[in-house]
Amino acid sequence: MGNCCRSPAAVAREDVKSSNFSGNDHGRKDKSGAAKSQKPVTVLTDVKNSNVEEKYLVDRELGRGEFGITYLCIDRNSKELLACKSISKRKLRTAVDVEDVRREVAIMKHLPVNSNIVSFREACEDENAVHLVMELCEGGELFDRIVARGHYTERAAAAVTRTIMEVVMLCHKHGVIHRDLKPENFLFANKKENSPLKAIDFGLSIFFKPGESFSEIVGSPYYMAPEVLKRNYGPEIDIWSAGVILYILLCGVPPFWAESEQGVAQAILRGAIDFKREPWPSISESAKNLVRQMLEPDPKLRLTAKQVLEHSWLQNAKKAPNVPLGDVVKSRLKQFSLMNRFKRKALRVIADFLSNEEVEDLREMFSKIDTDNDGIVSVQELKAGLPKLNSQLAESEVQMLVEAIDTNGKGTLDYGEFIAVSLHLQRMANDEHLHKAFSYFDKDGNGYIEPDELRDALMEDGADDCANVANDIFQEVDTDKDGRISFEEFAAMMKTGTDWRKASRHYSRGRFNSLSVKLMKDGSLNLGNE
């Protein structure tokens, strides 16, 4: 969330300058250690190099993914508010990455104007980045809206599912497989109750011809169809992913869940769907029937987008039960918005290790923001003071940040929590800080954080569900699944975040390609065929 008020061009330039000490330097060096200058790659061959800021006033950061940072921007002529997704060329490390961006632009240009797809304005390219300018969606993520409303029903799930399936049908009609349908790829256009829901990300989408099949494993683990893992798939995978979203909308958790990525894949291949846990017994048979037909393991038997839209549950959406599905669903959905507890604890540990010189400026900042000098910072004081930290977060984002860092639900930040927020916003944690924080958790000094060490550390914060949280954290952070967290895995978590919804394309390509080999060797690819 750092660099919120600076331009994408400035951030991209800084990306390039800082790459030598970021710990992710992929530039080649000669024997003297000097970096050789490389000619910048041209990503968009049909677009002239141009400065995006000549045409648009680029404002605060709205969000970031693995490749791109999205900014609020304003058309200098029309004064229209738009969004600008800036993709740093430094992060496009392979020809596949470059091709992904080219294809994303081509698909956004190719798809017709539709009220449920974010409208594309134009693409610009300069020496350091590619900038995609598009319609601004200010209404927040699909799940966040549902949680905030505090009211969740089959009728609401049906309305959302209809929108998602209309997007899928449009894509398939125009020869595009989305390949990465998941809840965070749908945003509401505005904050109104009747706001349109829009698909916003086509970064993994691909053109297809009827009968054509694909073998590359991409997508996000929990939404991945079995035929993707078997490396032989077509447009039917989008129906499966939409079925997973529908299942989550109705009960708050994914249908295929396990403690390891191999376990998740095996659960997907096995295809057993749990309709016994709450609140399924109170959900209509028609809704369950649609979920079953969308999560049909055989793509030839799976419903098409048109058939899903013709299903009686969606046809009679306005008659679907309008009874809230209960707190169990809302609480499960809400956990999607929270900062990983492990990361929060690590930020506090790093704050404690910082030298007087390093925190002097922050201590002074805390004093300035804490206008009533009571030793704590309220949400209002934080909102007023954040511009001084080079940050321009939206009010809802400030509230979410306070909730994420605030360990005991006071709605305020003490000095230590404020330092942790500052670290998070300014990305101050360097490798030396990270090593010190890692050592804090690695009590026996063997170079790894074990489950019991993590549980003990979380217990210090008085959490009563440490075992479950530790299991969830290991599921996310222990990427090689050896039952312990190495420094490299810890550093990756701290630098990139570990929201399980946002499984990156590198994660998918790298980890799931190797997983596919494991599944082939152990016979798992035959699961579901028995």
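Everything discussed here concerns the structure shown above.
These numbers were taken from a predicted model, which means no experiment stands behind them. (Residues numbered from 1 in each chain as written. Predicted model: local features only at pLDDT ≥ 70, side-chain atom pairs only at ≥ 80, totals over all residues. Heavy atoms only, no water.)

Considering the pairing of strand β5 (residues 129-135)
Short version of the rule: With a 1.4 Å probe rolled over the protein chains alone, any residue whose accessible area is under 20% of its type maximum counts as buried; one over 50% counts as exposed, and the rest are partly exposed. Secondary structure elements are defined from DSSP: runs of H or I of at least 4 residues count as helices, runs of E of at least 2 residues count as strands, and each element is numbered from the N terminus. DSSP-based pairing: two strands are paired if at least 2 bridges between them are found.
Counted residue by residue, β5 has six buried out of seven residues, so it is predominantly covered. Relative to β5, strand β3 (residues 81-88) runs antiparallel, the two being bridged by seven bridges. Counted as the bridge partner of Cys-84 is Val-133 from β5. Strand direction decides the pairing type here: strand β4 (residues 120-125) and β5, joined by five bridges, are antiparallel. The partner of Phe-120 across the bridge, within β5, is Met-134. What sits between β4 and β5 in their antiparallel hairpin is a turn of three residues.

Describing the packing of aromatic side chains
In plain terms, the rule: For Phe, Tyr and Trp, rings pair up if their centres lie within 6.5 Å, where Trp contributes its six-membered ring, and each pair is then called stacked (planes under 30 degrees apart), edge-to-face (over 60) or tilted (otherwise). Whether a charge sits over a ring depends on NZ of Lys or CZ of Arg being within 6 Å of the ring centre and within 35 degrees of the ring normal.
Summed over all chains, the structure comprises nine aromatic pairs. For the ring pair Phe-438 and Phe-487, a centre distance of 5.6 Å and an interplane angle of 90 degrees mean the geometry is edge-to-face. Highlighted residues: Phe-438 in helix α18 (residues 431-441) and Phe-487 in helix α21 (residues 487-496), separated in sequence by 49 residues. For the pair formed by Phe-438 and Phe-487, the shared burial category is buried. Look at Phe-441 and Phe-490: their rings are 6.2 Å apart centre to centre, the planes differ by 55 degrees, and that puts the pair in the tilted class. Placement of the pair is Phe-441 in helix α18 and Phe-490 in helix α21, with a sequence separation of 49 residues. Exposure remark for Phe-490: the relative accessible area of 0% places this residue in the buried category. Connected via pairs of aromatic rings, a cluster forms that spans Phe-438, Tyr-440, Phe-441, Phe-487 and Phe-490. Its guanidinium or amino end placed over the ring of Tyr-440, Lys-443 lies 4.1 Å from that ring's centre, counting from NZ or CZ. Here the guanidinium or amino end of Arg-484 rests over the ring plane of Tyr-448, the centre of that ring lying 3.5 Å away.

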